[in-house]
Amino acid sequence: MAVVVLDFGSQYTRLIARRLRELRAYSVILPGTAPWAAIEREEPEAIVLSGGPSSVFAEDAPRPDPGVLEGRVPVLGICYGMQYLAQAFGGTVERRGRAEYGRAVLTRYEGPLFAGLTGEVQVWMSHADAVTRLPEGWRAVAETEENPVAAIQDGSGRFFGVQFHPEVSHTPKGMAILANFLEAAGVRRDWTPGQALKDLIEEVRRRVGSDRVLLAVSGGVDSSTLALLLARAGVDHLAVFVDHGLLRLGEREEVERSLRPLGVNLRVVDASERFLAALAGVADPEEKRRIVGATFIEVFKEVARAEGPFRFLAQGTLYPDVIESAGGFGAAKIKSHHNVGGLPAELGFELLEPFRTLFKDEVRELALLLGLPDTIRLRHPFPGPGLAIRILGPVDREKLGVLRRADDLFVALLKEHGLYHEVWQALAVLLPVRSVGVTGDERRYGYTLVLRAVTSVDGMTADWARLPHDFLDEVARAIPRKVPEIGRVVYDLTSKPPGTIEWE
Ligand code: XMP
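Quick caveat: nothing in here was measured; it's all calculated off a predicted structure. (Residues numbered from 1 in each chain as written. Predicted model: local features only at pLDDT ≥ 70, side-chain atom pairs only at ≥ 80, totals over all residues. Heavy atoms only, no water.)

Observations regarding the packing of helix α13 (residues 397-416) against helix α14 (residues 469-482)
The cut-off we apply is this: Each axis is a line fitted through C-alpha atoms, taken for helices only over the stretch in contact, and angles between the N-to-C directions span 0 to 180 degrees. Strands are runs of DSSP state E lasting at least 2 residues, helices are runs of H or I lasting at least 4, and numbering of each runs from the N terminus. In this scheme the crossing of two helices becomes right-handed for a clockwise turn of the near helix relative to the far one and left-handed for an anticlockwise turn of less than a right angle. A contact between two residues is defined here by any heavy atoms of the two lying within 4.5 Å.
Contact pair α13 / α14: the axes reach a minimum separation of 10 Å and the direction vectors enclose 145 degrees. Note that α13 runs across α14; the crossing there is right-handed. Here α13 contributes Arg405, Ala406, Leu409, Phe410, Leu413, Leu414 and Glu416 to the contact with α14, which in turn contributes Phe471, Glu474, Val475, Ala478, Ile479 and Lys482.

Focus: the sheet that holds strand β12 (residues 266-270)
The following threshold applies: Any two strands are treated as partners once DSSP identifies two or more bridges connecting them.
Taken together, the 5 strands give an open sheet; going across it, the order is β12-β11-β10-β13-β14, and neighbouring strands pair in parallel fashion. One side of each edge strand has no neighbouring strand; the edge strands of this open sheet are β12 and β14 (350-352). Going from strand to strand, the sheet's axes swing by 30 degrees on average, the running direction of each strand aside. For strand β13 (residues 312-314) and β14, the ladder comprises 3 bridges, and the chain directions are parallel. When the bridges of β14 are listed, alanine 314 appears paired with leucine 352. Helix α5 (residues 193-208) rests against β10 (212-216), β13 and β14 of the sheet, and its axis sits at about 165 degrees to β14.

Some remarks on the pattern of salt bridges
Here is the rule we go by: For salt bridges, the criterion is a side-chain nitrogen of Lys or Arg within 4 Å of an Asp or Glu carboxyl oxygen. Burial classes follow relative accessibility: with a 1.4 Å probe on protein chains only, a residue under 20% of its type's maximum area counts as buried, one over 50% as exposed, and anything between as partly exposed.
Summed over the entire model, instances satisfying the criterion amount to 38 salt bridges. Note that arginine 252 is salt-bridged to aspartate 270, the shortest N-O span being 3.4 Å. A residue pair is termed long-range when its members are at least 10 positions apart, and arginine 252 in helix α7 (residues 251-259) and aspartate 270 in strand β12 qualify at 18 residues. On the accessibility criterion, arginine 252 (23% relative accessible area) is partly exposed.

Considerations on the sheet that holds strand β1 (residues 2-7)
Across the sheet, 9 strands lie side by side as β2-β1-β3-β4-β9-β8-β7-β5-β6; this open sheet has mixed pairing. Two strands bound the open sheet, and with one partner strand each, they are β2 (27-31) and β6 (122-133). Along the sheet, successive strands turn relative to each other by an average axial angle of 30 degrees, direction set aside. Inspection of the sheet shows strand β5 (residues 92-109) paired to strand β7 (residues 139-144) by 3 bridges, in the antiparallel sense.

Examining the domain arrangement of the chain
Under the convention used in this document: Domain borders in the structure are assigned automatically or taken from a domain database.
Splitting the chain by domain gives domain 1 (2-185), domain 2 (193-377) and domain 3 (396-491). Put simply, the middle of domain 1 and the middle of domain 3, counted by C-alpha atoms, are 48 Å apart.

Describing the packing of aromatic side chains
Quick reminder of the rule: Note on ring pairs: Phe, Tyr and Trp rings are taken, using the six-membered ring of Trp, and paired if centres are within 6.5 Å. Classes follow the plane angle, with under 30 degrees stacked, over 60 edge-to-face and the rest tilted. Counting as a charge over the ring demands two things of the Lys NZ or Arg CZ atom: a distance within 6 Å of the ring centre and an angle within 35 degrees of the ring normal.
Under the criterion given, the structure shown has 11 aromatic pairs. An angle of 15 degrees between the planes, with centres 5.8 Å apart, marks the rings of phenylalanine 296 and phenylalanine 300 as stacked. Placement of the pair is phenylalanine 296 and phenylalanine 300 together in helix α9 (residues 285-307), with a separation of 4 residues, close to one helical turn. By the burial criterion, phenylalanine 296 is buried, and phenylalanine 300 matches it. Against the face of phenylalanine 382 rests arginine 248, its NZ or CZ located 3.8 Å from the ring centre.

Topic: the pairing of β7
In this sheet, strand β8 (residues 151-153) lies alongside β7 in antiparallel orientation, the contact comprising 3 bridges. Looking across to β8, one finds that alanine 140 is bridged to isoleucine 152. Between β7 and β8, which follow one another and run antiparallel, lie 6 residues.

Topic: the environment of arginine 14
Inspection of the secondary structure puts arginine 14 in helix α1 (residues 13-22). The class for arginine 14 is partly exposed, based on a relative accessible area of 32%. Residues arginine 14 and leucine 378 lie 364 residues apart in sequence; the distance between their C-alpha atoms is 22 Å.

Quick word on helix α11 (residues 360-370)
Cut-off, in case you're wondering: This arc is built from the directions going out from the helix axis to the C-beta atoms.
Every buried residue belonging to α11 is among Glu362, Val363, Leu366, Ala367 and Leu370, and all of these are buried. Down the axis of α11, the smallest arc covering the buried residues is 150 degrees, so these residues share one side. Buried residues along α11 sit in contact with α1, α5, α6 (221-233) and α12 (374-377). Where α11 terminates, the next one or two residues include glycine 371, which has phi positive at roughly 90 degrees.

See below:
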């Protein structure tokens, strides 16, 4: 049972699905033009038509399967979705003289979609077309100053449309409006992370049976949670943690401490010599990435051969990866996305991707239920190639040691001051630049360390974090004192774009 969100190319489609899940209605996204058979397979309790960039009167406008209009399942159309419903049932949609974009206030609202709402209802508009004539038997149930048709419903109470976007935060009462739609549609709102966990455990047990599962854990939240899920499901598994020597201070021990007591069959492979030898003298960032990736696959393959055979390879692929690799809007087939840097098909594994319908924050909730400590569950993202891409120029043990200690101090102070969770990611970068300084009477010639902290939603864009000056001052004093190889500390004020979060 699911609420099916049909995607017509809106940038907010995923957000719609997430909001529905926050309302405890399990939701899935399908391409807007998915055939009725594909929709039916999800046992739809309700259907939401997303917004999209097309005009419904355009020749090539994407249209849902006609089955959607038969009224077997209640439908909510959002923006383009509403215009589509209005047109399909015989109304008229036209290009407006001027687009309505941004905040608007409903001057009138009524009916089931707005049940329980009082006072000012602010909504977010983003459209150039408008419904100018309603289909027979439909009525406008909300209007704004500029737009007499801001929301509509049909006579049967099965079809609804909103011109605005209830899913975005700029529509503060949007969650209540979505909840009202679910209520009107009779959707059971009983999907919870606990329920999801029970279902996942069942699914893993059924699929794996008495076969064996191999997985790689990185110390990140997705792979750690996956390892815990396999352990909880009680299936025969081997979780391989490759220490590539490019980890943060204490990271390996942290992973061991977090996973072993919870029943994960964890194998730690210390391959740091091998990685560092392969990286010796290499300065080019892409070359570093390639070497780390290739060496990782070599090591992983060796473990797989020595400990095999395994039938399954488990990966922590998330729903956004799945949607992305389907090519977004209109793509009919959803391929799996290989997030372990293309692990070799020749090993003949079957992929097991239990999180492929989940969003990141849902995995974090599962992690909580499975007992993953917060130090890992809520940790900042960390790149696969690790500290190799935070040391500019060639990587060696000495520089790794310096960076590791400095990074640890920075992070520890962020935590101590309650700032760690205020930023999306914080890191330190070691430059191959030395500068002159003085300590007491002594001349120093130390490395330059860059502190970087950014705010971001998804890492695609980012802004530098406005950390308090007094805090930065404390870090800048502590680091050269405790890590004497560092002579100068600077703070990076570059946003993304034009910069990236990492320096390499
Ligand atoms: P950039 O530097 O591209 O980083 O702004 C965006 C996010 O991706 C992480 N990142 C990586 N993660 N392998 C990874 O697994 C990589 O090669 C890699 N490069 C960047 C980065 O830490 C940030 O969270």
